[in-house]
Amino acid sequence: MSSARVHHAALGDPAEARDSYPGDEALVQQLVGIGYPVHAIARATRAFHLRAVTHLVRDLGIGQIVEIGPGLPPHTTPATHHIATRHHHNRTRVLYIDHDPEVTAHLNTAYEDAGSGIRSLTGDLRQPDDILTDIALHLDLRKPVALVATGVLDQITDDDHPHAAVRRLLNALPTRSALVATHLTHEHDPQTIHRAARLLTDAGLPTYPRGFEEIAAFFDGLTPIGPGLVPTAQWHPTHTDNHAPPTDHTYSAIGHLT
């Protein structure tokens, strides 16, 4: 089972779902069957990702991005480097890092003509020093870097110290860098969320929803941008979010390293 394929299946778009296997589609239907709003969460996460990356590159002027867990290349929306290139042209540098070699292979194939500033590598947030080595090799650490982790942090258990891993990465980045993240929460419907987390974990996709304070701790020491940590669909929604139904089951934010 692949979290990237399940995410594409959950988006509910035929073009995205073509990357999924029958087992991925079956898992999505199981989640729907227990009342878990898997489609709304996937769409809201994707829509926030697009809004957040646009804000980073257009309004904050950040042309370098490290995306942890990018998943499979999107078919119906622009990828992160497409947005960055639109605003920064040949100054864009995007480093995609995913722990799934299948995902990395897909990214390398899809983006092989994207230019020398776009790279896809295999890596794991639980091993931040390895990621820092890649960052130092491929990015210019004299300039700000955006660390993007949408749909990733809730897949890491407390025993693997996700807060410390994120902090380790941020501490190595220059000022005016930023963190973008989303996270599943159990606060608004604990019974359904915990049941869904068990279902996902049993399927080989470990899932660890957290409360507001635990999620906010990822942004400790950062200056919040916009409304701060809020339900995902509430972070500066736009008219383009028609296919991203409101959901209170995930929180999202951007934090600025000042």
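An account of the accompanying structure is given in this report.

## Structural notes on helix H5 (residues 80–88)
Part 1 of the argument: Taken together, the buried positions of H5 are occupied by Thr 80, His 81, Ile 83, Ala 84 and His 88. Along the axis of H5, the buried residues cluster in a sector spanning 155°; they form a single face.
Part 2 of the argument: The inward-facing, buried residues of H5 contact helix H4 (38–59), strand S1 (64–68), strand S2 (93–98) and strand S3 (118–122).

## Here's the deal with H4
Part 1 of the argument: In this model H4 runs 31 Å from its N-terminal to its C-terminal C-alpha over 22 residues, within 8% of the 32 Å that 1.5 Å per residue would give.
Part 2 of the argument: Burial analysis of H4 places 18 of its 22 residues in the buried class, the great majority of the element.
Part 3 of the argument: One or two residues past the end of H4 sits Gly 61, with phi positive at roughly 75°.

## Observations regarding the packing of helix H1 (residues 3–11) against H4
Part 1 of the argument: Where H1 meets H4, the axes come as close as 8 Å, and the angle between the chain directions of the two elements is 100°. In terms of their interaxial angle, H1 and H4 are classed as roughly perpendicular. Along its contact with H1, which presents His 7, His 8, Ala 9, Ala 10 and Leu 11, the element H4 presents Val 38, His 39, Ala 42, Arg 43 and Arg 46.
Part 2 of the argument: Across the contact of H1 with H4, the residue classes tally to 5 nonpolar, 3 polar and 2 charged.

## Some details on the packing of aromatic side chains
Part 1 of the argument: Under the defined criterion, the tally for this structure stands at 3 aromatic pairs.
Part 2 of the argument: Look at Phe 212 and Tyr 251: their rings are 5.2 Å apart centre to centre, the planes differ by 80°, and that puts the pair in the edge-to-face class. You can see Phe 212 sitting in helix H10 (residues 212–216) and its partner Tyr 251 sitting in strand S8 (residues 250–256), a full 39 residues away along the chain.

## Topic: the side chain of Thr 80
Part 1 of the argument: As for its position among the elements, Thr 80 is in helix H5.
Part 2 of the argument: Classification of Thr 80 as buried rests on a relative accessible area of 3%.
Part 3 of the argument: A distance of 2.9 Å separates the side chain of Thr 80 from the side chain of His 49, its partner in a polar contact.
Part 4 of the argument: Setting aside chain neighbours within four positions, we find Thr 80 in contact with His 49, Val 53, Ile 65, Glu 67, Val 94 and Tyr 96.

## Observations concerning the pattern of salt bridges
Note that side chains of opposite charge can pair when their charged atoms are close.
Part 1 of the argument: All chains considered together, the criterion is met by 8 salt bridges.
Part 2 of the argument: Here Asp 24 and Arg 5 are joined by a salt bridge, their closest N and O atoms 2.6 Å apart. One end of the pair, Asp 24, is in helix H3 (residues 22–33); the other, Arg 5, is in helix H1, and 19 residues separate them in sequence.
Part 3 of the argument: Accessibility expressed as a relative area gives 1% for Asp 24, which makes it buried.
Part 4 of the argument: Among the residues examined, Arg 5 registers a relative accessible area of 8% and is labelled buried.
Part 5 of the argument: Close ionic contact of Arg 168 with Asp 129 constitutes a salt bridge, the shortest N to O distance being 2.8 Å. Of this pair, Arg 168 sits in helix H8 (residues 162–171) while Asp 129 is found in helix H7 (residues 128–138), placing the two residues 39 residues apart along the sequence.
Part 6 of the argument: When its relative accessible area of 39% is taken as the criterion, Arg 168 is described as partly exposed.

Parameters and conventions
- Residues numbered from 1 in each chain as written.
- Predicted model: local features only at pLDDT ≥ 70, side-chain atom pairs only at ≥ 80, totals over all residues.
- Heavy atoms only, no water.
- Buried < 20%, exposed > 50% of the residue type's maximum accessible area, 1.4 Å probe, protein only.
- Helix = DSSP H or I, 4+ residues; strand = E, 2+ residues; numbered from the N terminus.
- Arc of directions from axis to C-beta.
- Contact = heavy atoms within 4.5 Å.
- Expected span 1.5 Å × (residues − 1).
- Axes fitted to C-alpha atoms, helices over the stretch in contact; angles between N-to-C directions.
- Parallel < 35°, antiparallel > 145°, perpendicular 65-115°, else oblique.
- Nonpolar A, V, L, I, M, F, W, Y, C, P; charged D, E, K, R; others polar.
- Phe/Tyr/Trp six-rings, centres within 6.5 Å; stacked < 30°, edge-to-face > 60°.
- Polar contact = N/O pair within 3.5 Å; in protein donor to acceptor, adjacent residues only side chain to side chain.
- Salt bridge = Lys/Arg side-chain N within 4 Å of Asp/Glu carboxyl O.

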